[in-house]
Amino acid sequence: MKKALTIKTVVGGALASAFLSIAVGCGGGGGGYGGGGTIAPPPASPTPAMPTIHLNLFGTANGVFKDGTFGDVTGFTQQRHAQVLGLPPGTQVIITNNDSVAHTFNVFSAFPTPGPQSTATVPNGGVLGVGYQSGPIQPGNSTGVLTVTNTTGDLFIICGIHYISNGMRDGMIVQVGATPGPQATPAPAPSGMCKGYGC
Ligand SMILES: [Cu+2]
């Protein structure tokens, strides 16, 4: 108010009145420019997205990551390209198939002997731990919300459809504070030719 009144003495007239009304409109909070218009509300705090495991084997952005513990892993990521998964125990998570064909997510305590792998659905009580089997997840579909096992350690993941044919397998580290591992470096696709998830 004080500032606006000072302006009035200098400028005078209708213009000063406009300044004065702005100052009043702002509640006298220090004046300043840009007042009188719509005050933008603070941005809504973004809702943290639920951790998501993406299935992608045939998309060109997938790649193969060579991991010291799990060997060559491919087809699974929490980011863009193939990587070892890392999740804290008890985390709620979903698995989404971002690929163009169906995949499964089968969990073991060690990689199984390659053979005819199961595509059966074993919900395991909604616990993403040893014994869980998603059954075929169609392209674009997701599982319901799963809870990562409370048992810490390494889990071994395969796709029951592409384990033998394409080596579609991964590791999943369950530890407090665990985060996903380094990502594969896919062969660069010709400009504009990258297809599928992670491009
Ligand atoms: Cu698969």
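All chains use their own residue numbering, which begins from 1 and follows the written sequence. Local features in a predicted model are, by the rule used here, given only for residues with pLDDT of at least 70; side-chain atom pairs are given and counted only at 80 or more, and totals for whole chains, interfaces and linings are based on all residues. Derived side-chain values reflect all non-hydrogen atoms in the structure, with water molecules and hydrogen atoms excluded from consideration.

Caption draft 1: Up close: the pattern of salt bridges. Whenever a carboxyl oxygen of Asp or Glu lies within 4 Å of a side-chain nitrogen of Lys or Arg, that contact is scored as a salt bridge. Tallied over the full model, the rule gives one salt bridge. Residue Asp72 pairs with Lys66 through a salt bridge whose shortest N-O separation is 3.3 Å. For Asp72, a relative accessible area of 35% puts it in the partly exposed group. To sort residues, take the accessible area from a 1.4 Å probe on protein chains only and compare it with the maximum for the residue type: under 20% means buried, over 50% means exposed, and anything in between is partly exposed.

Caption draft 2: Representation of the coordination of the copper ion. Here a donor is any nitrogen, oxygen or sulfur atom (N, O, S) within 2.8 Å of the metal, with 3.2 Å used for Na, K and Ca; water is not among the atoms considered, so some sites may look incomplete. Coordination of the copper ion by the protein is provided by His103 (ND1), Cys159 (SG), His162 (ND1) and Met168 (SD), with metal-donor distances spanning 1.9 to 2.8 Å. Angle rules define the geometry names used: all angles between 85 and 135 degrees makes four donors tetrahedral, while opposite donors over 155 degrees apart and all other angles between 65 and 115 make four donors square planar and six octahedral, leaving every other case irregular. The coordination sphere of the copper ion comprises four donor atoms, whose angles at the metal cover 82 to 136 degrees; the geometry is irregular. Each donor residue of the copper ion belongs to the same chain, and together they define the spacing H-x55-C-x2-H-x5-M. Highlighted residues: His103 in the loop between strand E6 (92–97) and strand E7 (106–108) and His162 in the loop between strand E12 (153–158) and helix H3 (163–166), separated in sequence by 59 residues. The residues His103 and His162 share a single accessibility class, namely buried. Secondary structure is summarised from DSSP: a helix means a run of H or I of at least four residues, a strand means a run of E of at least two, and numbering begins at the N terminus for each.

Caption draft 3: Here's a closer look at the sheet that holds E6. Paired strands, in this sense, are two strands between which DSSP finds at least two bridges. As summarised here, the arrangement of the five strands in space is E4-E1-E6-E11-E9, forming an open sheet in which the pairing is mixed. This sheet does not close on itself; its edge strands, each paired only once, are strand E4 (76–77) and strand E9 (127–128). Here strand E1 (residues 52–55) runs beside E4; their pairing, made up of two bridges, is antiparallel. Bridging from a neighbouring strand, His54 pairs with Thr77 of E4.

Caption draft 4: Quick peek at the state of the cysteines. Note on terminology: pairs of cysteine sulfur atoms within 2.5 Å are recorded as disulfides. For the coordinates displayed, the defined rule picks out one disulfide. Here Cys194 is linked by a disulfide to Cys199, with a sulfur-sulfur distance of 2.0 Å. Taking the sign of the torsion about the S-S bond as the criterion, the disulfide between Cys194 and Cys199, at about -85 degrees, is left-handed. Classification of Cys199 by relative accessible area gives partly exposed; the value is 45%.

Caption draft 5: Quick peek at the pairing of E12. Most of E12 sits out of view: five of its six residues are buried. Two strands pair when backbone bridges link them, and E7 and E12 are joined in this way by three bridges, in the antiparallel orientation. Bridged to Asn106 within E12 is Ile158. By the bridge criterion, six bridges tie E12 to strand E13 (residues 169–174) in an arrangement that is antiparallel. Of the residues in E13, the one forming a bridge with Phe156 is Gly171.

Caption draft 6: Inspection of the nonpolar core at higher detail. The biggest cluster of nonpolar side chains holds 21 residues, and the ones touching the most others in it are Ile53, Phe76, Ile95, Phe105, Leu128 and Met172. Of all the secondary structure elements, the ones that give two or more residues to this core are E1, strand E5 (85–87), E6, strand E11 (146–148), E12 and E13. Any two residues having at least one pair of non-hydrogen atoms within 4.5 Å are treated as being in contact. If we ignore the near neighbours within four places in the chain, the residues touching Leu128 are Ile53, Val93, Ile95, Phe105, Val107, Leu146, Thr147, Val148, Thr149, Leu155 and Met172. Here, nonpolar core refers to any group of buried Ala, Val, Leu, Ile, Met, Phe, Trp, Tyr and Cys residues whose side-chain atoms link them within 4.5 Å. Of all hydrophobic cores here, the second largest spans seven residues; its members include Phe65, Val73, Val84 and Ala184.

Caption draft 7: Seen up close, the environment of Met172. Checked against the element boundaries, Met172 lands in strand E13. A relative accessible area of 0% places Met172 in the buried class. Placed 16 residues apart in sequence, Met172 and Phe156 show a C-alpha to C-alpha distance of 6.3 Å. Setting aside residues no more than four positions away along its own chain, Met172 makes contact with Phe70, Val84, Leu85, Leu87, Phe105, Leu128, Val148, Gly153, Asp154, Leu155 and Ile157.

Caption draft 8: Representation of the side chain of Thr96 in the model. In this structure, Thr96 sits in strand E6. With a relative accessible area of 12%, Thr96 lands in the buried category. Setting aside residues up to four positions removed in sequence, Thr96 forms contacts with Thr52, Ile53, His54, Leu55, Asn141 and Ser142.

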